[in-house]
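Given next are the chains, with one letter for each unit.
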Amino acid sequence: MSETETIFSKIIRREIPADIVYEDDLALAFKDINPQAPVHIIVIPKQPLAKLADAESQDHALMGHLLLTVKRVAKLVELNNGYRVVINNGPDGGQTVNHLHLHILGGRPMLWPPG
Ligand code: AMP
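Anyway, here's the lowdown on the structure attached to this text. These numbers were taken from a predicted model, which means no experiment stands behind them.

Structurally, Asn88 can be placed in the loop between strand 4 (84-86) and strand 5 (102-106). Between the C-alpha atom of Asn88 and that of Leu100, which follows or precedes it by twelve residues, the distance is 8.5 Å. Other than its neighbours up to four places away in sequence, Asn88 contacts Gly93, Gly94, Gln95 and His103.

Pro113 follows Trp112 through a cis peptide bond whose omega is 5°. Residue placement: Pro113 occurs in the segment after strand 5. Backbone geometry at Arg14 places phi at a positive 65°, although glycine is not the residue there. Summarising the element assignment, Arg14 is placed in the loop between helix 1 (7-12) and strand 1 (20-23). Look at Arg14 and you get partly exposed, because its relative accessible area is 44%. At Glu78, a residue that is not glycine, the phi angle is positive and equals roughly 60°. Tracing the backbone shows Glu78 in the loop between helix 2 (60-76) and strand 4. The exposure class of Glu78 is exposed, given its relative accessible area of 61%.

Take the pattern of salt bridges next. As enumerated under the stated definition, the model contains seven salt bridges in all. Measuring nitrogen to oxygen at the nearest pair gives 3.0 Å for the salt bridge that ties Glu5 to Arg13. In this structure, Asp54 engages Lys51 in a salt bridge whose closest nitrogen and oxygen atoms are separated by 3.2 Å. The class of Asp54 is partly exposed, set by a relative accessible area of 29%. By sharing partners, the salt bridges in this structure join Glu5, Lys10, Arg13 and Glu15 into a single network.

With respect to spatial proximity, 15 residues lie near the ligand, and among them Asp32, Asn88, Thr96, His101 and His103 are the closest. Here Asp32 contributes a side-chain N or O atom positioned 2.5 Å from an oxygen atom of the ligand. Here an oxygen atom of the ligand sits 2.6 Å away from a polar atom, N or O, in the main chain of Thr96. Mapped by element, the contributors of at least two residues to the shell around the ligand are helix 1 and strand 2 (27-31). It is helix 1 that provides the largest number of residues to the shell around the ligand, a total of three residues. Of the residues in the shell around the ligand, the class split is six nonpolar, seven polar and two charged.

Calculation notes
Residues numbered from 1 in each chain as written. Predicted model: local features only at pLDDT ≥ 70, side-chain atom pairs only at ≥ 80, totals over all residues. Heavy atoms only, no water. Helix = DSSP H or I, 4+ residues; strand = E, 2+ residues; numbered from the N terminus. Contact = heavy atoms within 4.5 Å. Buried < 20%, exposed > 50% of the residue type's maximum accessible area, 1.4 Å probe, protein only. Salt bridge = Lys/Arg side-chain N within 4 Å of Asp/Glu carboxyl O. Near = heavy atom within 4 Å. Polar contact = N/O pair within 3.5 Å; in protein donor to acceptor, adjacent residues only side chain to side chain. Nonpolar A, V, L, I, M, F, W, Y, C, P; charged D, E, K, R; others polar.

Structural data, given as structure tokens:
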């Protein structure tokens, strides 16, 4: 697998199943397979960007779109009492899939610090 060819690329191409909750031209959102909260959704760009640290100024609009997608998806799944958004970046950030993704966690009060 190349750095940009991940399990998430396969989900985008519908080669493996996922519980997709939202899709538009630039982004896809699906339920995490190993949820860490009652609601745990992954938002990804369709463009294969490995991690946040790889984003450049030309990705400015995409980055904004992903955050607004988080807001839209959270509303869609009725996380009306709040939620947490997490981006794990690189090995020390706990990133295990090398395709940029935003975690939406909700359905219970979140703890802080996250550890
Ligand atoms: P991270 O540790 O930030 O890289 O998060 C990767 C996330 O992707 C983890 O929470 C995994 O549970 C999730 N994940 C991995 N494979 C799948 C899959 N096939 N469908 C849905 N979520 C997945």
